[in-house]
Amino acid sequence: MEFKLEAHRIVSISLGKIYSARGQRGGLKLHKNLLVSLVLRSARQVYLSEPGCPPEPPPIAAPEEQPPPPQDQAARLPAADCREPRPRGCGCCGEATCGAAAPPTPPPCPRKRSAGERGQAGSPVKRPRREVEEEPPPGEQEDMETGNVASLISIFGSSFSGLLSKEPKARRRDPRDGGDATETTEPGQICCDEPVLRTLNPWSTAIVAF
Amino acid sequence: TADIISTVEFNHSGELLATGDKGGRVVIFQQEQENKSQSHSRGEYNVYSTFQSHEPEFDYLKSLEIEEKINKIRWLPQKNAAQFLLSTNDKTIKLWKISERDKRPEGYNLKEEDGRYRDPTTVTTLRVPVFRPMDLMVEASPRRIFANAHTYHINSISINSDYETYLSADDLRINLWHLEITDRSFNIVDIKPANMEELTEVITAAEFHPNSCNTFVYSSSKGTIRLCDMRASALCDRHSKLFEEPEDPSNRSFFSEIISSISDVKFSHSGRYMMTRDYLSVKIWDLNMENRPVETYQVHEYLRSKLCSLYENDCIFDKFECCWNGSDSIVMTGSYNNFFRMFDRNTKRDITLEASRENNKPRTVLKPRKVCASGKRKKDEISVDSLDFNKKILHTAWHPKENIIAVATTNNLYIFQDKTN
């Protein structure tokens, strides 16, 4: 339980750092934000892998992504279709380059976790380094900082929405309708306590803005 | 806050010491010539030249401000009367020429002394202008501007031992330049993934080998160092050697990745070793052994139990530098509370010293400090909880030939030398 609290605290702190990184002079610090995102992922994994998480339903709007750079506008997935923020929705827009590189899972969602990943209660789970959470975007032009920001948003966004739910179906549904269906699936994968989510609420707005 | 020192570097002879600051200024100190009658101390360092190297810029396309903070300064070896250095901010590298002027021509026929042109009708005689001594003036002028080659933030520059080329490294790429050519550079390392969402590591520092002009290393945020040989291929994405120490599983925490990120890498003067600095330690690597460092020195191990707080207050992201002494027998690095640490590789002794005005009068010998990690604090020890984490020494430099060190606290530069008798 201690680890869970610590993990939650670290998640909150990390989100706060991402939020405050927005207005920094000199532009996005890629190194620091990468490190923060790694910590966020580790903490999130521990948080979700800890047993004792009551099943739950959270009416929190999934974060939407900041408008991507203009040249990607055409390839972008309409936000309504997908709760998961995706910079350039691959499987859905049918981009050739993207399709070729995409991993086989079609739903644009956070990775599904195998049973093996979960049971390490009490120790931070090391995230596999090569794991690709999301499908690659279509060949994008190299757009420097804006591209980075969009990528980081999707990273943070997926991490964040991962906190909400693991089920693709549930994600597609508007959470405000009630996520009852999600409860029947894997307890422990589904996120959390009301109070926790209430705490997380302001951060969802932060991520949206970011 | 513009006075915050962001880089410190001795030149090749040690006579000059350059500092860069957050406000884009460079201040150069010069060592006074030794006074034969006062052989008990070497010359002091006094301000020699001050100039504005970089100004803040605005990238209108991306709506981003480009900071003028000087990230690194590197000196070129001296070839003639003038001195040259490279200074860089996040995006642009500049080659500066620093030259002395101690005489000026006087006695022009057509101009007054103040430069105004004389009425030609008043010129009735001709004379030859002569050079007359004047007060020493040190001028800095930008000779080359190397711009528009870096998408991400430049963290390192390093001059090649051929003295003709140099490299510049940002988070994801390393470029090779010729000092004479500003309109193009060659990309020699590119670790940007095709899909930025797969990004897992960035380049944190890079340096050319001191003797071997085809060899350079770069360190990463994952704690690895790659040695590359430019003769192998044009794009050095495949390393010749990969230096990495396996992680100690008993030390695993949420912050393991952050603290393993390397903040500085420096070759020894001999070129046989390299030193890396990560958040808690300094490691010495033998270039012939890739699987682990040959020496590891703990800088402030007592911080390991405080990593969560240090993450919260951002201190865990501080990038400490490290340096070798001239004979490669001692290494030095900074810490918090204005402490800095030296490790003697031969005797295995280490010392903690403090750079502060209150505790040290000029010409007094520095008193060794000790941090009490836990338990009963002895007299003169400082407990971990009373360390001031706002007082950090990130930048230190060691004179290439003598035991003179430069230590930068947030706003001040301290120069220490060993006691001579």
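That block above? That's the structure.
Residues numbered from 1 in each chain as written. Chains lettered and ligands numbered in written order. Predicted model: local features only at pLDDT ≥ 70, side-chain atom pairs only at ≥ 80, totals over all residues. Heavy atoms only, no water.

## Some thoughts on the side chain of Asp171(B)
And then number 1: When you line up the elements, Asp171(B) lands in the loop between β12 (165–169) and β13 (173–178).
And then number 2: Here Asp171(B) occupies a buried position and makes no salt bridge, while the nearest side chain of opposite charge, Lys319(B), is found at 5.8 Å. (Helix = DSSP H or I, 4+ residues; strand = E, 2+ residues; numbered from the N terminus. Buried < 20%, exposed > 50% of the residue type's maximum accessible area, 1.4 Å probe, protein only. Lys, Arg positive; Asp, Glu negative; His and termini not counted. Salt bridge = Lys/Arg side-chain N within 4 Å of Asp/Glu carboxyl O.)

## Re the sheet that holds strand β30 (residues 404–408) of chain B
Across a sheet, strands are paired by hydrogen bonds formed along the backbone, either parallel or antiparallel in direction.
Residue and element names in this part refer to chain B.
And then number 1: Spatially, three strands are ordered β29-β30-β31 in an open sheet, and the strand pairing comes out antiparallel. The two strands at the open ends of the sheet, each matched to only one other strand, are β29 (395–398) and β31 (413–417). Averaged over all adjacent pairs, the angle separating strand axes in this sheet is 15 degrees, with direction ignored.
And then number 2: As paired strands, β29 and β30 are joined by four bridges and run antiparallel to one another. Counted as the bridge partner of His395 is Ala408 from β30. (Pairing = 2+ DSSP bridges. Axes fitted to C-alpha atoms, helices over the stretch in contact; angles between N-to-C directions.)

## Overview of the pairing of β29(B)
And then number 1: Because side chains alternate across β29(B), one face comprises the buried residues His395(B) and Ala397(B), and the other comprises Thr396(B) and Trp398(B), equally buried.
And then number 2: Hairpin connection of β29(B) to β30(B): five residues between the antiparallel strands.

## Quick notes on the packing of helix α1 (residues 2–21) of chain A against helix α2 (residues 30–49) of chain A
Residue and element names in this part refer to chain A.
And then number 1: Direction vectors running N to C along α1 and α2 enclose 150 degrees, while the axes themselves pass 8 Å from each other. Considered as vectors, α1 and α2 are oriented roughly antiparallel to each other. At the point where α1 passes α2, the crossing takes the left-handed sense. Contacts between α1 and α2 involve Phe3, Lys4, Ala7, His8, Ile10, Val11, Ser14, Leu15, Lys17, Ile18 and Ala21 on the former and, on the latter, Asn33, Val36, Val39, Leu40, Ala43, Arg44, Val46 and Tyr47. (Parallel < 35°, antiparallel > 145°, perpendicular 65-115°, else oblique. Left-handed = near helix turned anticlockwise from the far one by under 90°. Contact = heavy atoms within 4.5 Å.)

## A closer look at the packing of aromatic side chains
All names here are of chain B.
And then number 1: In the structure shown here, the tally under the stated rule is 18 aromatic pairs over all chains.
And then number 2: Ring plane angle 70 degrees and centroid distance 5.2 Å describe the contact between Phe146 and Trp177, whose orientation is recorded as edge-to-face. With Phe146 in strand β10 (residues 130–146) and Trp177 in strand β13, this pair connects stretches of sequence that are 31 residues apart.
And then number 3: Exposure remark for Phe146: the relative accessible area of 0% places this residue in the buried category.
And then number 4: Of the aromatic side chains, those joined through ring pairs into one cluster are Phe254, Phe255, Tyr311 and Phe317.
And then number 5: The lysine or arginine in question, Lys111, covers the ring of Tyr108, its NZ or CZ lying 4.7 Å from the ring centre.
And then number 6: Cation over ring: Arg345 sits above Tyr273, and NZ or CZ is 4.6 Å from the ring centre. (Phe/Tyr/Trp six-rings, centres within 6.5 Å; stacked < 30°, edge-to-face > 60°. Lys NZ or Arg CZ within 6 Å of the ring centre and 35° of its normal.)

## What to know about the pattern of salt bridges
And then number 1: Tallied over the full model, the rule gives 36 salt bridges over all chains.
And then number 2: For Arg132(B), the salt bridge is made with Glu106(B), and the minimal N-O distance between the two is 3.7 Å. Here Glu106(B) lies in strand β9 (residues 93–106) and Arg132(B) lies in strand β10, a separation of 26 residues in the sequence.
And then number 3: Where Arg369(B) meets Glu354(B), a salt bridge forms, and the shortest distance between an N and an O atom there is 2.8 Å. Note that Arg369(B) is positioned in the loop between β26 (350–354) and β27 (370–372) and Glu354(B) in strand β26, a separation of 15 residues in sequence.
And then number 4: Its relative accessible area of 16% is what places Arg369(B) among the buried residues.
And then number 5: The structure contains a network of salt bridges with shared partners spanning Arg25(A), Lys29(A), Glu65(B), Glu67(B) and Glu68(B).

## Re the environment of Lys306(B)
All names here are of chain B.
And then number 1: Within the element layout of this structure, Lys306 appears in the loop between β22 (295–298) and α2 (307–312).
And then number 2: The class of Lys306 is partly exposed, set by a relative accessible area of 26%.
And then number 3: With residues near it in sequence (within four places) discarded, Lys306 still touches Val384 and Asp385.

## Some details on the pairing of strand β2 (residues 16–21) of chain B
All names here are of chain B.
And then number 1: In terms of residue burial, β2 counts as a mostly covered element, since six of its six residues are buried.
And then number 2: What you see with β2 is no split at all: Leu16, Ala18 and Gly20 on one side and Leu17, Thr19 and Asp21 on the other are buried throughout.
And then number 3: Bridge analysis of strand β1 (residues 5–10) against β2 gives five bridges, and the strand direction is antiparallel. Within β2, the position partnered with Val8 by the bridge is Thr19.
And then number 4: Where β1 folds back onto β2 in an antiparallel hairpin, the turn is made up of five residues, including Gly14, whose phi is positive at roughly 85 degrees.

## Considering unusual backbone geometry
Residue and element names in this part refer to chain B.
And then number 1: A positive phi angle, near 75 degrees, is found at Asp314, a position not held by glycine.
And then number 2: Within the secondary structure layout, Asp314 lies in the loop between α2 and β23 (322–324).
And then number 3: Backbone geometry at Asn337 places phi at a positive 60 degrees, although glycine is not the residue there.
And then number 4: Relative to the elements of secondary structure, Asn337 occurs in the loop between β24 (330–334) and β25 (339–344).

## With respect to the sheet that holds β25(B)
Residue and element names in this part refer to chain B.
And then number 1: A sheet is described by the order of its strands in space; here four strands give the open sequence β23-β24-β25-β26, paired in antiparallel fashion. The sheet is open, and its two borders are formed by β23 and β26, each paired with just one other strand. Between one strand axis and the next, the sheet turns by 20 degrees as a mean value, whatever way the strands run.
And then number 2: In this structure, β24 lies alongside β25, joined through five bridges in antiparallel fashion. Of the residues in β25, the one forming a bridge with Thr333 is Arg341.

## Quick word on the environment of His54(B)
Residue and element names in this part refer to chain B.
And then number 1: Structurally, His54 can be placed in the loop between β4 (45–52) and β5 (57–59).
And then number 2: Counting along the chain gives 207 residues from His54 to Ser261, while the straight-line C-alpha distance between them is 28 Å.
And then number 3: Those residues in contact with His54 that sit more than four places away from it in its chain are Gly23, Gly24, Glu68, Ile70, Ser87, Thr88, Asn89, Thr92 and Lys94.
And then number 4: At a separation of 2.7 Å, a polar atom in the side chain of His54 contacts the side chain of Ser53. (Polar contact = N/O pair within 3.5 Å; in protein donor to acceptor, adjacent residues only side chain to side chain.)

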